[in-house]
Amino acid sequence: MSTAILIITAVFALAAGTAVNGCPPSDRAALLAFKAALNEPYLGIFKSWTGIDCCHKWYGISCDPTTKRVADINLRGESEDPIFQKAHRTGYMNGSISPAICMLTRLSSVIIADWKGISGIIPKCITSLPFLRILDLIGNQISGEIPFDIGKLSRLSVLNIADNRITGRMPRSITNLSSLMHLDLRNNLISGTIPQNFGKLRMLSRALLSGNRIYGPIPYTISYIYRLSDLDLSLNRISGPIPESIGKMAVLATLNLDGNNISGKLPTTLMNSSISILNLSRNAIEGEIPDVFGPRSYFMMMDLSYNKLKGAIPKSISSASYIGHLDLSHNHLCGAIPTGSWFEHLEASSFVSNDCLCGKPLKNC
């Protein structure tokens, strides 16, 4: 090997060694611009953000061990970290999330959660991060809309922007998030309808959309999401009937639809399904409670209160494997309350304000 080639090889080796010994200057500059848009007055978590290597002991920052590119931002305002225990307080931070974060093109997770005072919008450029798997911004004061092209994040598995002030509609592109497993949009100001093709999110296991201004029907395509175990659409303005197919979902365990404008009859499938927590209270559901309970019926909680149900409490309810908490109050039910081993612990409050129910724990028939 010639001397020239040896020199060139040595130069490249030296350059490569320099590149992997610390984070790139561009990543460090992006983090410092991100920090400059925030103010954290009590804990001093950004005091560690010094020196040229942002991969080394910068609080909340993790890098890829090979490339030294910034891979994770993990900043939680509620944590068991010693810095919080020493201060005897949870975190508070204000300011906004700088678009400079989008310069960190190898980001896998962005967790900026529970800081209470961070405002501004979700940077629209966040959708240009091709490796992003987790976006968790819960518990801030973030406003504006969900980026319309959020569906570009093909690797995103967690989208959590609950407890903010997000407005606008749920972007139609959200149904393109083919890797999404956890969707939490609770307690925002989101309006519009649930996309009709919501069932495209086949990997989804939790869909938590409660406490918004969502209206329109429940898309029947939700029943296509065979992994879905927790569906919470409560405290919205949803109308129309409950699709019969939802009661046929294989692993759905929690269904919260309370506090909406849902009408129509109770699907018979719900009474004999895998659902163990069923809350349909404060709607406009009418008709009779289906007399189809059986050994597969196992409810930790069933709340059908504040609806327009009529007729008798079905006798088959006594054959259910278990019903822990039952609330049928504030309907138009009539007749004798069935007897059963798990009925004995129920109080009168579970049956009050009906037309003519009788029997224990109410007055005798």
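Residues numbered from 1 in each chain as written. Predicted model: local features only at pLDDT ≥ 70, side-chain atom pairs only at ≥ 80, totals over all residues. Heavy atoms only, no water.

**Student:** How would you summarise the overall build of the protein if you had to cite specific residues and measurements?
**Tutor:** Of regular secondary structure, the protein possesses three helices and 22 strands. Projected onto its principal axes, the C-alpha positions of the protein cover 100 × 45 × 35 Å. Here the protein holds 365 residues, and the buried ones make up 50% of them. A separation threshold of at least 6 residues defines the contact pool for the protein, and within that pool the share at least 24 residues apart is 50%. Roughly 16600 Å² of accessible area belongs to the protein as shown, and the carbon and sulfur atoms make up 56% of that amount. Considering the protein, the positive charge centre built from 34 side chains and the negative charge centre built from 26 side chains are found 6 Å apart. (Helix = DSSP H or I, 4+ residues; strand = E, 2+ residues; numbered from the N terminus. Buried < 20%, exposed > 50% of the residue type's maximum accessible area, 1.4 Å probe, protein only. Contact = heavy atoms within 4.5 Å. Areas by Shrake-Rupley, 256 points an atom, 1.4 Å probe, with all protein chains shown as cover. Lys, Arg positive; Asp, Glu negative; His and termini not counted. Charge placed at Lys NZ, Arg CZ, Asp CG, Glu CD.)

**Student:** Describe the pairing of strand 19 (residues 308–311), and please don't skip the residues or the numbers.
**Tutor:** Strand direction decides the pairing type here: strand 17 (residues 286–288) and strand 19, joined by three bridges, are parallel. Within strand 19, the residue paired with Gly 287 across the bridge is Leu 309. As paired elements, strand 19 and strand 21 (residues 332–336) share two bridges and run parallel to each other. Counterpart to Gly 311 in the pairing with strand 21 is Leu 333. (Pairing = 2+ DSSP bridges.)

**Student:** Let's hear about the UniProt feature "domain: Leucine-rich repeat-containing N-terminal plant-type" (unreviewed entry) in the protein: which residues, and what values?
**Tutor:** According to UniProt, the "domain: Leucine-rich repeat-containing N-terminal plant-type" (unreviewed entry) feature falls on residues 25–64. Annotation note: span residues 25–64, helix share 30%, strand share 12%, distance between end C-alpha atoms 15 Å. (UniProt positions renumbered as here; feature names shortened; annotations may be inferred.)

**Student:** Can you lay out the environment of Leu 233 for me, pointing to particular residues and giving the numbers?
**Tutor:** As for its position among the elements, Leu 233 is in the loop between strand 12 (230–232) and strand 13 (237–240). Sequence-wise, Leu 233 and Arg 186 are 47 residues apart; in three dimensions their C-alpha atoms are separated by 8.9 Å. For Leu 233, the contacting residues outside a window of four places in its chain are Ile 194, Leu 209, Ser 210, Ile 218, Ile 238, Asn 256, Leu 257 and Asn 260.

**Student:** I'd love a proper account of the side chain of Asn 283, names of residues and values included.
**Tutor:** Topologically, Asn 283 is positioned in the loop between strand 16 (277–279) and strand 17. Judged by relative accessible area, Asn 283 falls into the buried class, the value being 10%. Reaching out from Asn 283, the side chain makes a polar contact with the backbone nitrogen of Asn 260 at a distance of 3.2 Å. When neighbours within four sequence positions are excluded, Asn 283 is seen to be in contact with Leu 257, Asp 258, Gly 259, Asn 260, Asn 261, Ile 262, Tyr 306 and Asn 307. (Polar contact = N/O pair within 3.5 Å; in protein donor to acceptor, adjacent residues only side chain to side chain.)

**Student:** Let's hear about the pattern of salt bridges: which residues, and what values?
**Tutor:** What the rule picks out here adds up to six salt bridges. Two residues, Arg 69 and Asp 27, come together in a salt bridge whose shortest N-O distance is 3.0 Å. In this pair, Arg 69 sits in the loop between strand 2 (61–63) and strand 3 (70–76) while Asp 27 sits in helix 2 (residues 25–36), placing the two residues 42 residues apart along the sequence. (Salt bridge = Lys/Arg side-chain N within 4 Å of Asp/Glu carboxyl O.)

**Student:** How would you summarise the sheet that holds strand 16 if you had to cite specific residues and measurements?
**Tutor:** Across the sheet, 12 strands lie side by side as 2-3-5-7-8-9-10-12-14-16-18-20; this open sheet has mixed pairing. The open sheet has two edge strands with one neighbour each: strand 2 and strand 20 (322–327). Pairs of neighbouring strands in the sheet enclose a mean axial angle of 10°, with direction left out of account. Looking at chain direction, strand 10 (residues 206–208) and strand 12 are connected through three bridges and run parallel. Paired with Arg 206 across the strands is Asp 230, a residue of strand 12. (Axes fitted to C-alpha atoms, helices over the stretch in contact; angles between N-to-C directions.)

**Student:** Break down the side chain of Ser 305 for me, citing the residues and quoting the values.
**Tutor:** Checked against the element boundaries, Ser 305 lands in the loop between strand 18 (298–303) and strand 19. What makes Ser 305 buried here is its relative accessible area of 3%. Those residues in contact with Ser 305, other than ones at most four positions away along the chain, are Ser 281, Arg 282, Asp 327, Leu 328, Ser 329, His 330 and Asn 331.

**Student:** Requested: an account of the nonpolar core, with residues and values cited.
**Tutor:** If you look at the biggest cluster of nonpolar residues, it comprises 96 residues, and the most contacted ones within it are Ile 101, Ile 112 and Phe 198. Discounting chain neighbours no more than four positions away, the residues touching Ile 101 are Phe 34, Ile 73, Leu 107, Val 110, Ile 112, Pro 123, Ile 126 and Leu 129. Within the second largest apolar cluster, five residues are counted, among which are Ile 111, Ala 113, Ile 134 and Ala 162. (Core = buried A, V, L, I, M, F, W, Y, C linked by side-chain atoms within 4.5 Å.)

**Student:** Give a description of the state of the cysteines that names residues and reports values.
**Tutor:** Enumeration over the complete set of coordinates arrives at five disulfides. Sulfur-sulfur distance for the disulfide between Cys 55 and Cys 63 comes to 2.1 Å. A torsion of -95° about the S-S bond marks the disulfide between Cys 55 and Cys 63 as left-handed. With relative accessibility at 21%, the residue Cys 55 sits in the partly exposed group. At a sulfur-sulfur separation of 2.0 Å, the disulfide partner of Cys 102 is Cys 125. Between Cys 102 and Cys 125, the disulfide has an S-S torsion of 75° and is therefore right-handed. Here Cys 102 is found in the loop between strand 4 (93–96) and strand 5 (109–113), whereas its partner Cys 125 is found in the loop between strand 6 (116–119) and strand 7 (134–136), with 23 residues between them in sequence. (Disulfide = S-S within 2.5 Å.)

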